[in-house]
Amino acid sequence: LFRSAFTLYASGLQTSLSQSISGMQKDSKKRVISMRLIHIALLCSFVLALLLSSVVLVFAEQIAKFMGATQLIVPLRILSAVFPVCSLSAMMNGVFFGIKNAKAPAMAQLIEQVARIIFVFVVVTLFASTRQVICQWAVWGLVAGEFAGCTYNLYQFRKLRFSKNVVIKNTRESSGRKMLGMA
């Protein structure tokens, strides 16, 4: 469910944002990014993520019944909280891939995994009682990891935005129509 939702709200937009920003790079030493394209991609992805998050939250019981596992109702509701966060991270990753900087997304993913493992280990060690509760804490670990990775991505984007090696374009010439057409 998580990967299917991610495909709907982020995958295509992340790739098209990356390609659009990559196409803006010239032979100069400075990196060019378009805040207009980033804002369009963020808005579209975030709205879709909120919509899917709301659907999963509201219809968790029906989704769990359809999957044949009613014990998934609570984990599905917990999982719904992570969609908007993942949409932000995915768009930031698209920017970094577009300027050929895979280090930031790689570090964000590493931070995400470490945070997830530490969170689940600590919480399960202190509070676990049943397998059902452990599974719910594991889903909360996914949420905690995504928040940690997103926080790192936003920090790196802020650093990039105020870097001397970056040119910010805010003009209408960087139209979002082409980017959305690629998505």
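Residues numbered from 1 in each chain as written. Predicted model: local features only at pLDDT ≥ 70, side-chain atom pairs only at ≥ 80, totals over all residues. Heavy atoms only, no water.

**What to know about the overall build of the chain**
Alright, step 1. A tally of regular secondary structure across the chain gives eight helices and two strands.
Alright, step 2. When the backbone C-alpha atoms are referred to their principal axes, the chain occupies close to 60 × 30 × 15 Å.
Alright, step 3. Counting every position in the chain, which comprises 183 residues, the buried fraction comes to 42%.
Alright, step 4. If you take every contact in the chain between residues at least 6 apart in sequence, the share linking residues at least 24 apart comes to 79%. (Helix = DSSP H or I, 4+ residues; strand = E, 2+ residues; numbered from the N terminus. Buried < 20%, exposed > 50% of the residue type's maximum accessible area, 1.4 Å probe, protein only. Contact = heavy atoms within 4.5 Å.)

**Concerning a nonpolar patch on the surface**
Alright, step 1. On the surface, Met107, Leu110, Val114, Ile118, Phe121, Val122, Leu126 and Phe127 cluster together to form a nonpolar patch covering roughly 790 Å² of accessible area.
Alright, step 2. Residue position: Leu110 is located in helix 6 (residues 103–127).
Alright, step 3. Assessed through its relative accessible area of 48%, Leu110 is described here as partly exposed. (Patch = residues over 30% accessible without salt bridge, like charges linked within 9 Å, V, L, I, M, F, W, Y side chains within 5 Å. Areas by Shrake-Rupley, 256 points an atom, 1.4 Å probe, with all protein chains shown as cover. Salt bridge = Lys/Arg side-chain N within 4 Å of Asp/Glu carboxyl O.)

**What to know about unusual backbone geometry**
Peptide bonds are trans in most cases, and residues, glycine excluded, mostly fall at negative phi.
Alright, step 1. Positive phi, normally seen in glycine, also occurs at Lys100, with a value near 60°.
Alright, step 2. By secondary structure assignment, the location of Lys100 is in the loop between helix 5 (83–98) and helix 6.

**So, the side chain of Ser53**
Alright, step 1. Here Ser53 is to be found in helix 2 (residues 35–58).
Alright, step 2. Using a relative accessible area of 11% as the deciding quantity, one classes Ser53 as buried.
Alright, step 3. Once residues lying within four places of it in the same chain are set aside, the contact partners of Ser53 are Ser80, Ala81, Phe83 and Pro84.

**Brief notes about the nonpolar core**
Alright, step 1. In terms of nonpolar packing, the biggest core is built from 42 residues, with Tyr9, Ile33, Ile38, Phe83 and Phe157 touching the most fellow members.
Alright, step 2. When residues in this core are grouped by element, the largest group, nine residues, is from helix 1 (residues 2–24).
Alright, step 3. Not counting residues within four places of it along the chain, the set of residues in contact with Phe157 comprises Ile33, Met35, Ile38, Met92, Val95 and Phe96. (Core = buried A, V, L, I, M, F, W, Y, C linked by side-chain atoms within 4.5 Å.)

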